[in-house]
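Below are the chains, spelled out letter by letter.
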Amino acid sequence: MRGPSSRGKSTTLLSLIEAMERDPYFRKITQESHPNGTDKFYLADTDNGKVAVITAGDPGEGYAVSSYLSRCLDVRVIFAASRTRGSISEILSEFAIANDYAVIDTAPMFTYSDSEELSVILHNTQVASLMTMAEYILNLK
């Protein structure tokens, strides 16, 4: 999930973790908090492979992201956050190329509207879409 600062990348991925926690197809292996107190690394197993979620993606978090990725060598699906360009984007791209991952580049749905209802609808739609992608890739449903 790639996009500019403060557009909901990490928030969307944190909600994705919550959705996976509620879904019996995803069995949590680990969930670790990043030292910044907000971001997380989540790893789950399914009958058809592992999935990881890395919400850290801000400049200066390259070491943490690299560390999390080093634990994802046997993971089939990785969701990660990054800015549109910079060190995290490069780390993710290099990992994907080196480990033969297909990359689906998405951005969070965002509105400049003051409508909280619209923001919630967009957010929930994005989380559902990411869950559908994971289920499709892992042939879960």
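Computed from a prediction, not measured in an experiment: that's the story for all the values here.

Trainee: Before we move on, can you summarise the packing of helix H1 (residues 9–22) against helix H4 (residues 116–137) with the specific residues and values?
Mentor: Remark: H1 packs on H4, axes separated minimally by 9 Å, with the N-to-C direction vectors making an angle of 60 degrees. Relative to H4, H1 is oriented oblique. Crossing of H1 over H4 shows right-handed handedness. Only His-123, Gln-126, Val-127, Leu-130, Met-131 and Ala-134 of H4 make contact with H1, whose side of the interface consists of Thr-11, Thr-12, Leu-13, Ser-15, Leu-16, Ala-19 and Met-20. In terms of residue class, the contact of H1 with H4 is built from eight nonpolar, five polar and no charged.

Trainee: Lay out the sheet that holds strand E4 (residues 75–80) in plain terms, naming residues and giving numbers.
Mentor: Across a sheet, paired strands are connected by hydrogen bonds in the backbone, their directions being either parallel or antiparallel. Spatial ordering of the open sheet is given by E1-E2-E3-E4, a layout of four strands whose pairing is mixed. Across the chains shown, the open sheet's two edge strands, defined by having one partner strand only, are strand E1 (27–33) and E4. Taken over all neighbouring pairs, the strand axes of this sheet differ in orientation by 10 degrees on average, direction set aside. Here six bridges tie strand E2 (residues 40–46) to strand E3 (residues 49–54), and the two strands are oriented antiparallel to one another. Across the sheet, residue Asp-45 finds its bridge partner in E3, namely Lys-50. In the packing of H1 onto the sheet, contacts are made with E1, E2, E3 and E4, and the angle to E3 comes to roughly 145 degrees.

Trainee: Which residues make up the packing of aromatic side chains, and what are the values?
Mentor: To describe a pair of aromatic rings, one takes the distance between the centres and the angle between the planes. According to the stated counting rule, one finds two aromatic pairs in the structure shown. When the centroid spacing of 4.8 Å and the interplanar angle of 5 degrees are considered together, the rings of Phe-41 and Tyr-68 count as stacked. Residue Phe-41 is located in strand E2, and its partner Tyr-68 is located in helix H2 (residues 62–70); the two are separated by 27 residues in the primary sequence.

Conventions and cut-offs
- Residues numbered from 1 in each chain as written.
- Predicted model: local features only at pLDDT ≥ 70, side-chain atom pairs only at ≥ 80, totals over all residues.
- Heavy atoms only, no water.
- Axes fitted to C-alpha atoms, helices over the stretch in contact; angles between N-to-C directions.
- Helix = DSSP H or I, 4+ residues; strand = E, 2+ residues; numbered from the N terminus.
- Parallel < 35°, antiparallel > 145°, perpendicular 65-115°, else oblique.
- Left-handed = near helix turned anticlockwise from the far one by under 90°.
- Contact = heavy atoms within 4.5 Å.
- Nonpolar A, V, L, I, M, F, W, Y, C, P; charged D, E, K, R; others polar.
- Pairing = 2+ DSSP bridges.
- Phe/Tyr/Trp six-rings, centres within 6.5 Å; stacked < 30°, edge-to-face > 60°.

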